[in-house]
Amino acid sequence: MIYDQPQTISKMVQKAINIAGNVRGILAILVACLSGYYIMTHAIMPQRLRALFLGAVLILALSRLLQVKVFSKGAIIGKIIVVFSLIASLALTAYFAVEAVDLAVMRAYANTLVDYVSAAVLLVAVFILTWLESGPVIPIIGGAFVAYMFVGPYLPGLLWHSGVSLQGFLFTAVLAMDKGVYGMLTEFSATLLVGFLVFAGLAQRAGVMDVLWRVSMSVVARVRSLFFCIPVFASAGFGSMSGSLLANIVGTGAFTIPLMRRVGLRGEKAAALEVASSTGGQIMPPIMGLAAFLMCEYLGITYGRVMEAALFGAILYFGTLAFQAYYLGKSYPVQFRDDDEVLRGIK
């Protein structure tokens, strides 16, 4: 019986993975519908919208980590941590969505023990997800600043401050429902950002990436020195629909990096050119990076005004990059193989 326990736990975890994978698509659709409903009607309290959106992001991200098998084959402990984080996220989403208005109005600065425990568990789940998604750097920096809030009274000189209580920290970080993890950035992501991401996803599924790829290939079809401009043109077009650096790298880099390596360019240079090109996608209108949307909120201007200001910078950025890629093609001997079907169209 003792020796069967690891296998039993593994089977339970695998069942949880399958269940999580099945609900991801449905939950993503529900999040998009919730965002659209709020934008059109504003019939949902902002506090409740933030709680539902953050909970849905936690559930989607944690379930994706299980579905893509991010852990090694024997990392049962890591899978168990994610499964428990997923279960906690489900429970906390329901709790904060139901209690959102009471927490912000009726129980402000008079929270119960259950409120504080729930807030602490939610922060732990956010830290775990951040660690798994982006590595240890951001959680360690965040944890250092959180620790500084408590150890400040014991530090000398300019580092000293009066400190903060644990209850005050949890209230500001979670329970206020308009700061910390439920602040303006969460509400903004739950409204405008979701709409742009839905549009980008539909555009990709409709085959727009294939069109951009063909256009880029046709531009360099007769001039070999423009060959290395392919990632520049492709990233400019794809970035105008996604506004995401990572999505741009994955979407275009999967084609452009192998293509450049086929003609003899070293992998490091091919990856560097692709990353530099994809970075500009965040400033290419109409869909730009998250910073553009934050500028609208902080400066109180329309998104159209931000696009107007960013357009010249985007043209200058991609124009300069295309100029550099052109001279890379002039100085680098681009060699085409006669039997390469992928490159046949640009010989």
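All values reported here derive from a predicted model rather than from experimental measurement.

Further remarks concern the overall build of the protein. Assigned secondary structure in the protein consists of 13 helices and zero strands. Listed by position from the N terminus, the elements making up the protein come as α-α-α-α-α-α-α-α-α-α-α-α-α. Expressed as a percentage of its 347 residues, the buried residues of the protein come to 39%. Considering only residue pairs separated by 6 or more positions, the protein has 68% of its internal contacts joining residues 24 or more positions apart. Accessible surface, the protein: about 19400 Å² in total, of which carbon and sulfur atoms supply 69%.

Counting residues in hydrophobic clusters, the biggest one holds 41 residues, and the most contacted among them are Phe96, Leu122, Val174, Leu175 and Tyr182. Taken together, the elements giving at least two residues each to this core come down to helix 1 (5-41), helix 2 (46-67), helix 3 (76-106), helix 4 (113-134), helix 6 (166-175) and helix 7 (184-205). Contact partners of Val174, with chain neighbours within four places excluded, come to Phe96, Ala119, Leu122, Leu123, Val181 and Tyr182. In terms of nonpolar packing, the next biggest core, distinct from the first, is built from 18 residues, Phe227, Ala236, Ala314 and Ala325 among them.

To continue, consider the side chain of Ser235. In this fold, Ser235 is placed in helix 9 (residues 230-242). The buried category is assigned to Ser235, whose relative accessible area is 0%. Within the local environment of Ser235, its side chain forms a polar contact with the side chain of Glu274, the two groups lying 3.4 Å apart. Apart from residues no more than four positions distant in its own chain, Ser235 is found in contact with Asn248, Thr252, Glu274, Ser277, Ser278, Gly281 and Phe318.

Here helix 4 is 22 residues long and its end C-alpha atoms lie 32 Å apart, about the 32 Å a rise of 1.5 Å per residue gives. Within helix 4 the residues assigned to the buried category are Asp115, Tyr116, Ser118, Ala119, Leu122, Leu123, Ala125 and Leu129. Phi turns positive, to about 95°, at Gly135, one or two residues after helix 4.

So, about a nonpolar patch on the surface. Nonpolar side chains collect at one region of the surface, where Met184, Met295, Tyr298, Leu299 and Ile301 lie side by side and expose about 510 Å² of accessible area between them. With three residues, the top contributor of residues to the nonpolar patch is helix 12 (residues 290-299).

Taken as a whole and assessed by the stated rule, the structure comprises one cavity of 30 Å³ or more. The computed volume of the largest cavity comes to approximately 30 Å³. Around the largest cavity, the lining residues are Ala51, Leu54, Gly55, Leu58, Leu92, Thr93, Phe96, Leu122 and Tyr182. Looking at the lining of the largest cavity, the elements with two or more residues in it are helix 2 and helix 3. Per-element tally for the lining of the largest cavity: the top contributor is helix 2, with four residues. In the lining of the largest cavity, the residues fall into seven nonpolar, two polar and no charged.

Moving on: helix 6. Owing to its 3.6 residues per turn, the α-helix brings residues three or four apart onto one side. Buried residues of helix 6: Phe169, Leu170, Phe171, Ala173, Val174 and Leu175, and no others. Positive backbone phi, at 65°, marks Met177, one or two positions downstream of helix 6.

Glancing now at the packing of helix 11 (residues 267-279) against helix 13 (residues 303-331). Packing of helix 11 against helix 13 brings their axes to within 10 Å, and their N-to-C directions diverge by 165°. Classified by the interaxial angle, the pair formed by helix 11 and helix 13 is roughly antiparallel. Crossing of helix 11 over helix 13 shows left-handed handedness. Between helix 11, through Leu273, Ala276, Ser277 and Thr279, and helix 13, the contact on the second element is made entirely by Tyr317, Phe318, Leu321, Ala325 and Leu328. Among the residues making up the contact of helix 11 with helix 13, the classes are represented as seven nonpolar, two polar and no charged.

Reading the values: the criteria
- Residues numbered from 1 in each chain as written.
- Predicted model: local features only at pLDDT ≥ 70, side-chain atom pairs only at ≥ 80, totals over all residues.
- Heavy atoms only, no water.
- Helix = DSSP H or I, 4+ residues; strand = E, 2+ residues; numbered from the N terminus.
- Buried < 20%, exposed > 50% of the residue type's maximum accessible area, 1.4 Å probe, protein only.
- Contact = heavy atoms within 4.5 Å.
- Areas by Shrake-Rupley, 256 points an atom, 1.4 Å probe, with all protein chains shown as cover.
- Core = buried A, V, L, I, M, F, W, Y, C linked by side-chain atoms within 4.5 Å.
- Polar contact = N/O pair within 3.5 Å; in protein donor to acceptor, adjacent residues only side chain to side chain.
- Expected span 1.5 Å × (residues − 1).
- Patch = residues over 30% accessible without salt bridge, like charges linked within 9 Å, V, L, I, M, F, W, Y side chains within 5 Å.
- Salt bridge = Lys/Arg side-chain N within 4 Å of Asp/Glu carboxyl O.
- 1 Å grid on protein atoms, 1.4 Å probe; cavity = no way out; pocket = protein on both sides within 12 Å on 5 of 7 lines; lining within 4 Å.
- Points joined across faces, edges and corners; volume = space filled by probe spheres on them.
- Nonpolar A, V, L, I, M, F, W, Y, C, P; charged D, E, K, R; others polar.
- Axes fitted to C-alpha atoms, helices over the stretch in contact; angles between N-to-C directions.
- Parallel < 35°, antiparallel > 145°, perpendicular 65-115°, else oblique.
- Left-handed = near helix turned anticlockwise from the far one by under 90°.

Don't take any of this as a statement about function, it's just geometry.
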